[in-house]
Amino acid sequence: MLTRLNQDNPVFRDTLDLNRLGTMGWSYGGGVAAEICRTDARVKATVLLDAYLQNAHDVAWLGVQKPLLGMYNATSAFTTPFDQTTRDAYWMRIKNSSHQHFADWRGWISSPTDAGRQAAAAMTACMLSFFNRYLKAQDDHLLEDPAQVYPEVTEFMKK
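Here the structure is a predicted model, which means the values were calculated and not measured. (Residues numbered from 1 in each chain as written. Predicted model: local features only at pLDDT ≥ 70, side-chain atom pairs only at ≥ 80, totals over all residues. Heavy atoms only, no water.)

### Focus: the overall build of the chain
Then step 1. Looking only at helices and strands, the chain features six helices and five strands.
Then step 2. Starting at the N terminus, the α and β elements of the chain follow one another as α-β-α-β-α-β-α-β-α-α-β.
Then step 3. What you see for the chain is a C-alpha radius of gyration of 16 Å, in line with the 15 Å of a compact globule of 159 residues.
Then step 4. When the backbone C-alpha atoms are referred to their principal axes, the chain occupies close to 45 × 35 × 30 Å.
Then step 5. Buried positions account for 43% of the 159 residues belonging to the chain.
Then step 6. Sequence separation of at least 24 residues holds for 44% of the intrachain contacts in the chain that already meet a minimum separation of 6.
Then step 7. Surface accessibility of the chain: about 8,400 Å² in total, with carbon and sulfur atoms responsible for 54%.
Then step 8. With 16 positive and 17 negative side-chain charges, the chain shows a separation of 3 Å between the mean positions of the two kinds. (Helix = DSSP H or I, 4+ residues; strand = E, 2+ residues; numbered from the N terminus. Rg over C-alpha atoms; globule rule 2.2 N^0.38 Å. Buried < 20%, exposed > 50% of the residue type's maximum accessible area, 1.4 Å probe, protein only. Contact = heavy atoms within 4.5 Å. Areas by Shrake-Rupley, 256 points an atom, 1.4 Å probe, with all protein chains shown as cover. Lys, Arg positive; Asp, Glu negative; His and termini not counted. Charge placed at Lys NZ, Arg CZ, Asp CG, Glu CD.)

Written out as structure tokens, the structure reads:
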């Protein structure tokens with residue numbers, strides 16, 4: 001599909017870099033993003049936003065085995081994709097966040113607060129740093145210790 005868009009679609013023709021693909025997904029879509037990353041050699045890295053793994057059973061058992069960033073709400077203890085991935089994996093909680101914050105719904109639209117916007121800024125910075133590192137080989141070192149810059153990041157783990 002992406003190859004065809006890059007060849008035939010007047011909007012996307014010759015604009016997609018198909019050698020540097022990443023996936024990201026929120027909630028149920030996080031399991032989909034992880035499974036695509038796990039099974040498609042073209043996809044180099046994935047970001048899971050408060051992700052569940054319904055119907056992504058192989059991710060739960062095998063991990064992704066490609067660079068993975070998992071960001072979860074303030075009370076989540078779900079670390080399975082991180083636990084099963086052996087290297088280039090990051091996991092964190094975001095303070096003052098709930099499941100809906102990871103879709104920008106709560107932080108910017110339905111009930112915005114300064115804390116919600118700060119949580120969204122931390123998530124955005126970490127995602128950008130991650131994708132820049134693994135898709136563009138541009139490392140700003142934020143993921144060495146993101147809580148130094150963004151105190152909203154808690155319980156950060158990496159391997």
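### Re the side chain of S27
Then step 1. With respect to the secondary-structure elements, S27 resides in the loop between β1 (21–26) and α2 (28–39).
Then step 2. For S27, the contacting residues outside a window of four places in its chain are L49, D50, A51, Y52 and H99.

### Comments concerning the pairing of strand β2 (residues 43–49)
Then step 1. Burial of β2 is extensive: six of the seven residues sit out of reach of the surface.
Then step 2. Here β1 pairs with β2 via six bridges, running parallel. If you follow G25 over to β2, its bridge partner there is L48.
Then step 3. Taking the sense of rotation as the criterion, the β-α-β connection linking β1, α2 and β2 turns out right-handed.
Then step 4. Across four bridges, β2 lies against strand β3 (residues 68–72) in parallel orientation. Bridging from a neighbouring strand, T46 pairs with L68 of β3. (Pairing = 2+ DSSP bridges. Right-handed = clockwise from strand over helix to strand, strands pointing away.)

### Looking at a nonpolar patch on the surface
Then step 1. Together, Y28, V32 and I36 make up a nonpolar patch on the protein surface, roughly 250 Å² of accessible area in all.
Then step 2. Mapped onto the secondary structure, Y28 falls in helix α2. (Patch = residues over 30% accessible without salt bridge, like charges linked within 9 Å, V, L, I, M, F, W, Y side chains within 5 Å. Salt bridge = Lys/Arg side-chain N within 4 Å of Asp/Glu carboxyl O.)

### What about the sheet that holds β1?
Then step 1. Within the open sheet, the five strands sit side by side as β1-β2-β3-β4-β5. Their pairing is mixed. Sheet topology places β1 and β5 (153–158) at the edges, where each strand pairs with a single neighbour. Strand-to-strand, the axes of this sheet are offset by a mean angle of 10°, without reference to chain direction.
Then step 2. The strands touched by α2 are β1 and β2; relative to β1, the strand with the most contacts, the crossing angle is about 155°.
Then step 3. Its contacts with the sheet put helix α6 (residues 114–136) on β1, β2, β3, β4 (89–94) and β5, and the angle it makes with β2 is roughly 165°. (Axes fitted to C-alpha atoms, helices over the stretch in contact; angles between N-to-C directions.)

### Some details on the packing of aromatic side chains
Then step 1. For the structure shown, the criterion picks out seven aromatic pairs.
Then step 2. Ring geometry for Y72 versus W91: centroids 6.0 Å apart, planes at 20°, classification stacked. You can see Y72 sitting in strand β3 and its partner W91 sitting in strand β4, a full 19 residues away along the chain. Residue Y72 shares its accessibility class with W91, and that shared class is buried. (Phe/Tyr/Trp six-rings, centres within 6.5 Å; stacked < 30°, edge-to-face > 60°.)

Such coordinate-based values are descriptive only and should not be taken to indicate function.
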